[in-house]
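Geometric and topological summary
Below, each chain spelled out in residue letters.
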Amino acid sequence: MRILFLTSAHSSIDDRILYHQALSLANGHQVCIYSTFSGKTENIEGVEVVYDNTQFLNRKSKIRAFTAFCESIVPDVVICSEPLPILGAYRYKRNNSASSLRILYDVTEFYPSKKNLQGISGFKKVLKTIAFVWLNKKAAAKADGFIFGEYFKALFYKSHFKRKPYLELPYYQDLSYYPIGKSLPNIFTIGYSGKFSEEKGIMRFAEVLHLFSQRYDIKNWQVKMIGWFESEAIEKEFMKRTQGLPVEIVDNLPFKKFCQTLSEFSVFLDLRDTDPENNLCVPIKLFSYASAGRPIIYSALQAIESTYPQKSFITSKRIDDLRGVVEQLSLYIENQGELEKACKAASEFAEGHQWDTIKADFIRFVTNE
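Read on for a plain summary of the structure. (Residues numbered from 1 in each chain as written. Predicted model: local features only at pLDDT ≥ 70, side-chain atom pairs only at ≥ 80, totals over all residues. Heavy atoms only, no water.)

1. Quick word on the pattern of salt bridges
Taken as a whole and judged by the stated rule, the model has 19 salt bridges. The shortest N-O distance in the salt bridge between Lys40 and Glu42 comes to 3.7 Å. For Arg204, the salt bridge identified is with Asp273, shortest N-O distance 2.5 Å. Residue Arg204 is found in helix α6 (residues 202-213), and its partner Asp273 is found in the loop between β12 (267-270) and α9 (285-291); the two are separated by 69 residues along the sequence. Note on Asp273: relative accessible area 22%, which makes it partly exposed. One network of salt bridges, in which partners are shared, links Lys114, Glu199 and Asp275. (Salt bridge = Lys/Arg side-chain N within 4 Å of Asp/Glu carboxyl O. Helix = DSSP H or I, 4+ residues; strand = E, 2+ residues; numbered from the N terminus. Buried < 20%, exposed > 50% of the residue type's maximum accessible area, 1.4 Å probe, protein only.)

Shown next as structure tokens:
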């Protein structure tokens, strides 16, 4: 079969699309990924990866680009991550009388997301929201089935398209990318990764490090951060607040290198805002950190607490309880046994929630075999 992934908001080398879904399907099928968002163009382990960096003038021109790419590939199945690719794939299906083509909608984001409405307020925001909801519903109606990454993000589609088939496919990780069972680093290492922005909690992280430094000599611990600052202003302010602290910042890493690097940490923090959208999202990094066998301290998100309650390697703290975060770090730095127990619990969770447990169902759903 020829299977095509289309995305307008994910990289052509996105870890879920490429390193889990596409590579799993490539064993026996022709697979291609086409992104208008970011990435690279090359052949990766048998998957044709294409990034189109065209500066599209409007939404219609982008839809036409997705249609044209379908025409060049002549796929049997198209898996789309957003509404615009669905509309492009459906136009191809209609224009070419490709009645056997199946279009699947892989839902991993709310639509519209707050990212779609950034910088808009008031009545204009209301109108924009209505327009996005209409566009998404129109596109979803043209899909032949759904793949859902999370419970809360699936509710809209399950309510409006009850008769369409779907597959629940959480963000479980392929453990072959991770150095399982690797020993803890010699020095207590606090980890943070992703985009460093206020919304993601970077200033709370800085305050936690400041409070932690009041308890423990900086010779006995360190901080490693993997990612990028949202702006120069954020970077400048963070550096000011953490001046004199043992902080090392590493640029964003390729997926496989990122996975291998996670064993160099003792514990991970994620102190993102608990706004209405974040509160209903399960971060994919939860599975990445667990797959590396490391505990996590998270903002108290409803999605985590309702989906994975009472997991001992996950500590949830209110975003105004930074001293509580420091207390948990103190427990780990002072008690090696507690830290090792949390690491073991994380690894056991990852074993039970790994890609191999859902991969076969995914392949069957996509290929109808």
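Read on, since the account is not over.
2. Structural notes on the side chain of Ser330
Take Ser330: it is sitting in helix α11 (residues 322-334). If we skip the residues at most four places from it in the chain, Ser330 touches Phe212, Arg215 and Tyr216. (Contact = heavy atoms within 4.5 Å.)

3. Side note on the sheet that holds strand β5 (residues 77-80)
Within the open sheet, the 8 strands sit side by side as β3-β4-β2-β1-β5-β6-β7-β8. Their pairing is mixed. Unpaired on one side and paired on the other, β3 (42-44) and β8 (166-168) mark the two borders of the sheet. Ignoring strand direction, the axes of neighbouring strands in this sheet form an average angle of 20°. Sitting on the sheet, helix α1 (residues 17-25) is in contact with β1 (2-7), β2 (30-35), β3, β4 (47-51), β5 and β6 (102-107), with an inclination near 165° to β1. Of the strands in this sheet, β6, β7 (145-148) and β8 are in contact with helix α5 (residues 151-160), which crosses β7 at around 165°. (Pairing = 2+ DSSP bridges. Axes fitted to C-alpha atoms, helices over the stretch in contact; angles between N-to-C directions.)

4. Digging into a nonpolar patch on the surface
Among the surface-exposed residues, Phe123, Val126, Leu127 and Ile130 lie close enough to one another that they form a single nonpolar patch of about 420 Å² accessible area. Considering the arrangement of structural elements, one finds Leu127 in helix α4 (residues 122-142). (Patch = residues over 30% accessible without salt bridge, like charges linked within 9 Å, V, L, I, M, F, W, Y side chains within 5 Å. Areas by Shrake-Rupley, 256 points an atom, 1.4 Å probe, with all protein chains shown as cover.)

5. Describing α6
If you check α6, its first and last C-alpha atoms are 17 Å apart, about what 12 residues at 1.5 Å a residue would give, namely 16 Å. When you tally the buried positions in α6, you get 9 out of 12 residues, the bulk of the element. Within the span of α6, buried status applies to Ile202, Met203, Arg204, Phe205, Ala206, Val208, Leu209, Leu211 and Phe212. Structurally, α6 contributes buried residues whose contacts are with β9 (188-196), β10 (221-229), α7 (232-241), β11 (247-250), β12 and α11. (Expected span 1.5 Å × (residues − 1).)

6. Quick notes on the pairing of β7
Neither face of β7 is open: one carries Gly145 and Ile147, the other Phe146 and Phe148, and all of them are buried. Taken together, the 4 bridges between β6 and β7 define a ladder with parallel strand orientation. Residue pairing for β7: Val107 is matched across the bridge by Phe148. Looking at chain direction, β7 and β8 are connected through 3 bridges and run parallel. Paired with Ile147 across the bridge in β8 is Leu167. Read from β7 through α5 to β8, the crossover connection turns out right-handed. (Right-handed = clockwise from strand over helix to strand, strands pointing away.)

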